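Listed below are the residues making up each chain.
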Amino acid sequence: MRTEQMTMLPPQTAQEKPKLELGERVGIVEAILFVTGNAVEKKDICRAMEISEAELEETLDALESGYDFERRGLRLLRFGAHVQLATRPDYAPYVEKLLQPVQKQSLSQAVMETLAVIAYRQPVTKAEIEQIRGVKCDYSVQSLVAKGLIEEVGRKEALGRPILYGTTDAFLRHFCLTSLSELPEIDFSALAAKLEAAGAPAADETERNEGNTGTPGGPLHKDI
């Protein structure tokens, strides 16, 4: 009886996925940001494209430089762990003429003062904010949390374990900052001395409400 020799074939290995070239990565990222419209976390983009953080940063650099070099109508916003597409401010007057959007309300002075304290002193408790400002800040803190500009970042190891507040990536986006290191430096001691010498009264929140859109003050003011 003749026995046939069987040839054992090596198991088939899954074909490796071709690596995306830079130009293709730029197009994919642009498509993702355009479709979502909102800020997207970098880690989510990396997961969707199956690329490393270094490759994503290279891609974002190329996309951003392309927009800036050609003075395109769009620009890339990078703030914290998020990225987003936005229109170029230079062309805003033309867009507004077409759309005639309703003007967004500014943050009130009381809210801006509270936000400035949190931005520079974070993490900070509500009691510490009130000690610095000299007035109650319940409304301001609630308003900033509702707007997503600040969030709870932990609890202070003190009596009652009060909530600690800090700024969010939405705060960076709102003021066109990449990171907190871009905040202007302020000598708070000198500022407090000037205010005391001038006898400037602290802004009382009880005289403000949500509809108050007085001109914001402080180092963080930026027309949005």
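See the structure above.
Since we're looking at a predicted model, the values are computed, not measured.

**Observations concerning the sheet that holds strand β6 (residues 163–167)**
The strand order across the open sheet formed by three strands is β4-β6-β5, and the pairing between neighbours is antiparallel. In this open sheet, the two strands that pair with only one neighbour each are β4 (124–125) and β5 (150–155). One ladder, built from five bridges, connects β5 with β6; its direction is antiparallel. Each bridged residue has a counterpart across the sheet, and for Arg155 the counterpart in β6 is Ile163. Along the sheet face, helix α5 (residues 109–121) touches β4, β5 and β6 and points at about 95 degrees away from the line of β6.

**Things to note about the sheet that holds strand β1 (residues 40–41)**
Pairing in this open sheet of three strands is antiparallel, and the strands run β1-β3-β2 from one edge to the other. Both edges of this open sheet fall to β1 and β2 (74–79), since each of them pairs with a single strand only. In terms of strand pairing, β2 meets strand β3 (residues 82–87) through six bridges, oriented antiparallel. In the sheet register, Leu76 faces β3, and the bridge partner there is Leu85. Where helix α1 (residues 22–36) meets the sheet, its contacts fall on β1, β2 and β3, and the angle it forms with β3 comes to roughly 75 degrees.

**A closer look at unusual backbone geometry**
That bond from Gln122 to Pro123 is cis: its omega, -5 degrees, falls within 30 degrees of zero. Phi at Arg71 is positive, roughly 55 degrees, even though this residue is not glycine. Inspection of the secondary structure assignment puts Arg71 in the loop between α3 (53–70) and β2. When its relative accessible area of 41% is taken as the criterion, Arg71 is described as partly exposed.

**Remarks on the packing of aromatic side chains**
Tallied over the full model, the rule gives one aromatic pair. Seen in terms of ring centroids, Phe171 and Phe175 are 5.1 Å apart; in terms of plane orientation they differ by 55 degrees. Their pairing is tilted. The buried category is assigned to Phe171, whose relative accessible area is 0%.

**Observations regarding the side chain of Arg25**
Tracing the backbone shows Arg25 in helix α1. Judged by its relative accessible area of 4%, Arg25 falls in the buried class. If we ignore the near neighbours within four places in the chain, the residues touching Arg25 are Leu20, Met49, Ile51, Glu55, Glu58 and Thr59.

**Quick word on the nonpolar core**
Grouped together as the largest cluster of nonpolar side chains are 24 residues, with contacts concentrated most on Leu115, Ile129, Leu144, Ile150 and Phe171. Sorting the residues of this core by element identifies β2, α5, α7 (138–146), β6 and α8 (169–174) as the ones contributing at least two each. In terms of residue count, the dominant contributor to this core is α5 (six residues).

Reading the values: the criteria
Residues numbered from 1 in each chain as written. Predicted model: local features only at pLDDT ≥ 70, side-chain atom pairs only at ≥ 80, totals over all residues. Heavy atoms only, no water. Pairing = 2+ DSSP bridges. Helix = DSSP H or I, 4+ residues; strand = E, 2+ residues; numbered from the N terminus. Contact = heavy atoms within 4.5 Å. Axes fitted to C-alpha atoms, helices over the stretch in contact; angles between N-to-C directions. Buried < 20%, exposed > 50% of the residue type's maximum accessible area, 1.4 Å probe, protein only. Phe/Tyr/Trp six-rings, centres within 6.5 Å; stacked < 30°, edge-to-face > 60°. Core = buried A, V, L, I, M, F, W, Y, C linked by side-chain atoms within 4.5 Å.

In short, geometric facts, not functional conclusions.
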